[in-house]
Amino acid sequence: MTAPAATGARHAGPGTEPAIELRDVTRSFPGPPEVQALKGVNLTVAAGDYLSIVGPSGSGKSTMLNILGLLDRPTVGEYRLGGILTSTLSEDQRAAVRARQLGFVFQAFHLMSRRTVLDNVLLPMLYAGTPRDEREPRAREALERVGLGHRVAFLPGRLSGGERQRVAVARAVATRPRVLLADEPTGNLDQTTTGGIMELFEDLHGDGLTLVVITHDAAVARRARRCVRLADGRAEEV
Ligand SMILES: Nc1ncnc2c1ncn2[C@@H]1O[C@H](COP(=O)(O)OP(=O)(O)OP(=O)(O)O)[C@@H](O)[C@H]1O
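Keep in mind that this is a model prediction, so the values were computed, not measured.

Caption draft 1: Up close: helix α3 (residues 117-127). Three or more residues of α3 are buried, namely Val-117, Asn-120, Val-121, Pro-124 and Met-125. Here the buried residues of α3 occupy an arc of 140° about the axis, which is enough to place them on one side. As for α3, its buried residues are in contact with α2 (91-101), α4 (132-145) and α5 (161-173).

Right, dumping it as structure tokens:
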């Protein structure tokens, strides 16, 4: 078997389960009036693929991300993550799968402001069950990977927006997730810094990591290998 790359990405091989499979997923919010935020969505993301999800406001992007991130459940339909049928899992099991198999990057970075860059990257490894003696080497390696090896002792407030998002990416990949889920990762960044984050995502994709990026930015969406557009809760490959 191929050794995990420096980022901890898993490499897809022949016969590998899809990273993500949604089958006829509907998510309804009871009203009145009832809202069907997702309507019979089917989506397969192969291990190692790079997918963007676009769509106008209210089209269901956040609902989709919440389901993919095991923060919410489909009302109807099935979600398999790495072959695991997630509807059969208890809340504790879902939390464990979330911590071990998913990495999250958000628009607003969500770093702990009173903790160093290194501490920010270390924390999720605690929840992911990373062996204690592996945590710091992996955190430093992930920070090197995003070009911030010289900033480990900084507090996030002393970093630029682009650097903060790089810390968030390092935090997300240090646990060696199966899938990186990013929600408007460049929404708070200027064009140049956005380009840097996009290059980083492409590098991670090159290492074999599966990426799903939700974005309003058509230029960001085009950088992915595949793009799905949500419109009124329905998904269409574009
Ligand atoms: N908890 C909820 N209760 C009721 N309706 C909801 C809830 N969450 C989302 N919706 C509705 O579901 C639809 C899809 O919302 P969602 O937040 O997924 O859209 P979005 O594409 O992420 O929008 P935006 O780009 O503005 O964030 C909207 O009509 C929204 O009002």
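Caption draft 2: Quick peek at the environment of Arg-23. Relative to the helices and strands, Arg-23 resides in strand β1 (residues 20-29). When the C-alpha positions of Arg-23 and Thr-44 are compared, they lie 8.5 Å apart, and in sequence the two are 21 residues distant. Contacts of Arg-23, omitting those with residues within four sequence positions, involve Asn-42, Gly-77 and Glu-78.

Caption draft 3: A look at the environment of Asp-72. Relative to the helices and strands, Asp-72 is located in the loop between α1 (61-68) and β4 (76-81). The sequence separation of Asp-72 and Arg-27 amounts to 45 residues, and the corresponding C-alpha distance is 9.2 Å. Apart from residues lying up to four places away in sequence, Asp-72 is in contact with Arg-27, Asn-66 and Ile-67.

Caption draft 4: Expanded view of the UniProt feature "domain: ABC transporter" (unreviewed entry) in the chain. UniProt tags residues 20-238 as "domain: ABC transporter" (unreviewed entry). Helix makes up 36% of residues 20-238 and strand 27%, with an end-to-end C-alpha separation of 18 Å.

Caption draft 5: Expanded view of the sheet that holds strand β5 (residues 84-85). Read across the sheet, 4 strands follow the order β2-β1-β4-β5 without closing on themselves; strand pairing throughout is antiparallel. Both edges of this open sheet fall to β2 (35-45) and β5, since each of them pairs with a single strand only. Taken together, the 5 bridges between β1 and β4 define a ladder with antiparallel strand orientation. Its bridge partner being in β4, Ile-20 is matched across the sheet by Leu-81. Those strands touched by α1 are β1, β2 and β4, and its axis lies near 125° from that of β1.

Caption draft 6: Structural view of the pairing of strand β8 (residues 210-214). Within β8, 5 of the 5 residues are buried, which leaves it mostly tucked inside the rest of the structure. Burial of the side chains of β8 extends over both faces: Thr-210, Val-212 and Ile-214 are buried on one face and Leu-211 and Val-213 on the other. With 4 bridges joining them, strand β3 (residues 50-54) and β8 adopt parallel strand pairing. The partner of Ile-53 across the bridge, within β8, is Ile-214. Here strand β7 (residues 179-183) pairs with β8 via 5 bridges, running parallel. Counted as the bridge partner of Asp-183 is Ile-214 from β8. Regarding the hand of the β-α-β motif, the stretch spanning β7, helix α6 (residues 191-206) and β8 is right-handed.

Cut-offs applied
- Residues numbered from 1 in each chain as written.
- Predicted model: local features only at pLDDT ≥ 70, side-chain atom pairs only at ≥ 80, totals over all residues.
- Buried ≥ 20, exposed ≤ 12 C-beta atoms within 10 Å, placed from the backbone.
- Helix = DSSP H or I, 4+ residues; strand = E, 2+ residues; numbered from the N terminus.
- Arc of directions from axis to C-beta.
- Contact = placed C-beta atoms within 7 Å.
- UniProt positions renumbered as here; feature names shortened; annotations may be inferred.
- Pairing = 2+ DSSP bridges.
- Axes fitted to C-alpha atoms, helices over the stretch in contact; angles between N-to-C directions.
- Right-handed = clockwise from strand over helix to strand, strands pointing away.

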